[in-house]
Amino acid sequence: MVYVALALLWSGCKGKKDNTYQDIVRPVRVVNVESLGAINKLYTGVVEAEEYSNLAFKLSGPLIAMNVDEGQKVKKGQVVAAVDPLDYRLQFEANKAAYLTAKSQLERNKRLLSMQAISQQEYEIAEANYIKGKSAYETSANTLEDTKLRAPFDGFVEKKFVENYQKVNPGESIIKLVNPNKLAVGFTLPETSVDLTRTPMTVTVEFDTYKGIWFKAKVKEFIDASPDGTGIPVKLVIDDTRFSRDKHNIYPGFSCKVNLKIETPVEDSYIVPMSALFKNPTTGETCVWVYDPKTETVTSRTVEIGQLFGSDKIMVQKGLTNEDTIVVAGANYITEGQKVKLLK
């Protein structure tokens, strides 16, 4: 009899506890579901130089002149650095003398050949020596000129890699020259959003130094891979007529925001906060709580989700309509058919 009584008491208490929990009016926050007409995705970008060059010598030697500093503007053709030309000048003078001698000999042999004073073979030998001497002379002249490093375009020195009097090797970077008039914007697209690279969209950029002004841009190039595992590198160019390098002081390294607005509507899809989703403990399906304003109660509904948007929103591809109102705060503390109180 004691065991039966305890069993009945436990059963009664359990039922009373469930009914009491069901009678509790839980406070929740809800939102009205709206159709996804356009998607806005925001990323952080950095201004990059579209035209730049790491200048290097073609030959080796001690650096005897470093004519620029970091941040300095230079003109096309300006000598920015030079290596000691002594050895190359001596070789140039020797090759020049040999060339002039061969040239004089060729002219003399040409006159002698016309008078049949020498053979055709002797003339051809003089001609070959002339060609060889001329080639060596021109090569040494170019080499001597290469002891001076000139700017290939107007720009400014972003970085110096060596200091004066340091010995440099062929191909070793001396300075990084940047053209400030040709700028691009680079940002990284997450791997989960790779499909956006092939989706029609409007791209705008807001520079941190010009808050509130969004300039139109377009995708110039992107790498269809994630080289270092962090995402897909994308490069943009500003094509807004309002943007001018004369009016806007924007330089490589400046930070900015990139907004991608996907113009193509996605039918029957909606953007909802991640907080609206929960897992059905029985079926394991992803669900949301749908609020009924007439009865002030909630019912669960299974939904199919898509890609993430930002860090706190997600696309719902199936399961919702424009007329639905869903719970976005308090979803983990309510049960099927429970009455709720709306928080403002």
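Per an unreviewed UniProt entry, the recorded name for the protein is Efflux RND transporter periplasmic adaptor subunit, and the organism is Butyricimonas virosa. Check the Sequence similarities (unreviewed entry) section of the UniProt entry for the protein; it says "Belongs to the membrane fusion protein (MFP) (TC 8.A.1) family."

Novice: Teacher, can you tell me more about empty space enclosed by the protein here?
Specialist: Empty space among the atoms can be located by rolling a probe the size of a water molecule over them. One pass over the full model with this rule turns up 1 cavity of 30 Å³ or more. Volume-wise, the largest cavity comes out at about 40 Å³. Looking at the largest cavity, the residues that line it are Val47, Leu183, Ala184, Val185, Phe207, Leu236, Ile238, Phe243 and Ile250. At the level of elements, strand 11 (183-189) and strand 14 (232-238) are the ones that each hand at least two residues to the lining of the largest cavity. For the lining of the largest cavity, the element with the highest residue contribution is strand 11, accounting for 3 residues.

Novice: Is there a simple way to explain the sheet that holds strand 8 (residues 155-160) in this structure?
Specialist: Working definition: the strands of a sheet are paired by backbone hydrogen bonds and lie parallel or antiparallel to each other. Pairing in this open sheet of 4 strands is antiparallel, and the strands run 3-10-8-5 from one edge to the other. The sheet is open, and its two edges are formed by strand 3 (52-56) and strand 5 (73-74), each paired on a single side.

Novice: I'm lost on the packing of helix 2 (residues 86-114) against helix 3 (residues 120-145) in this one. Help?
Specialist: Think of two packed helices as two axes; the pair is described by the angle between the axes and how far apart they sit. Closest axis-to-axis distance for the helix 2/helix 3 pair is 8 Å, and the angle between their directions is 155 degrees. Here helix 2 lies roughly antiparallel to helix 3, going by the angle between them. In the crossing of helix 2 with helix 3, the sense of the turn from one axis to the other is left-handed. Split into classes, the residues belonging to the contact of helix 2 with helix 3 amount to 13 nonpolar, 9 polar and 7 charged.

Novice: In this structure, what is going on with the environment of Lys261? I would like to understand it.
Specialist: Locating Lys261 in the fold gives a position in strand 15 (residues 255-262). Separated by 220 residues in sequence, Lys261 and Lys41 have C-alpha atoms that sit 6.5 Å apart.

Novice: Where do I start with the nonpolar core in this structure?
Specialist: Considering soluble globular proteins, one finds that nonpolar side chains tend to be buried as a cluster. Among the nonpolar cores identified, the biggest contains 24 residues, and Phe187, Leu189, Val205, Phe207, Leu236 and Val258 are the most heavily contacted of them. For this core, the secondary structure elements donating two or more residues are strand 2 (39-49), strand 11, strand 12 (201-207), strand 13 (215-222), strand 14 and strand 15. When neighbours within four sequence positions are excluded, Leu236 is seen to be in contact with Ala184, Val185, Phe187, Val203, Val205, Ala217, Lys218, Val219, Lys220 and Val258.

Criteria and thresholds
- Residues numbered from 1 in each chain as written.
- Predicted model: local features only at pLDDT ≥ 70, side-chain atom pairs only at ≥ 80, totals over all residues.
- Heavy atoms only, no water.
- UniProt positions renumbered as here; feature names shortened; annotations may be inferred.
- 1 Å grid on protein atoms, 1.4 Å probe; cavity = no way out; pocket = protein on both sides within 12 Å on 5 of 7 lines; lining within 4 Å.
- Points joined across faces, edges and corners; volume = space filled by probe spheres on them.
- Helix = DSSP H or I, 4+ residues; strand = E, 2+ residues; numbered from the N terminus.
- Pairing = 2+ DSSP bridges.
- Axes fitted to C-alpha atoms, helices over the stretch in contact; angles between N-to-C directions.
- Parallel < 35°, antiparallel > 145°, perpendicular 65-115°, else oblique.
- Left-handed = near helix turned anticlockwise from the far one by under 90°.
- Nonpolar A, V, L, I, M, F, W, Y, C, P; charged D, E, K, R; others polar.
- Core = buried A, V, L, I, M, F, W, Y, C linked by side-chain atoms within 4.5 Å.
- Buried < 20%, exposed > 50% of the residue type's maximum accessible area, 1.4 Å probe, protein only.
- Contact = heavy atoms within 4.5 Å.

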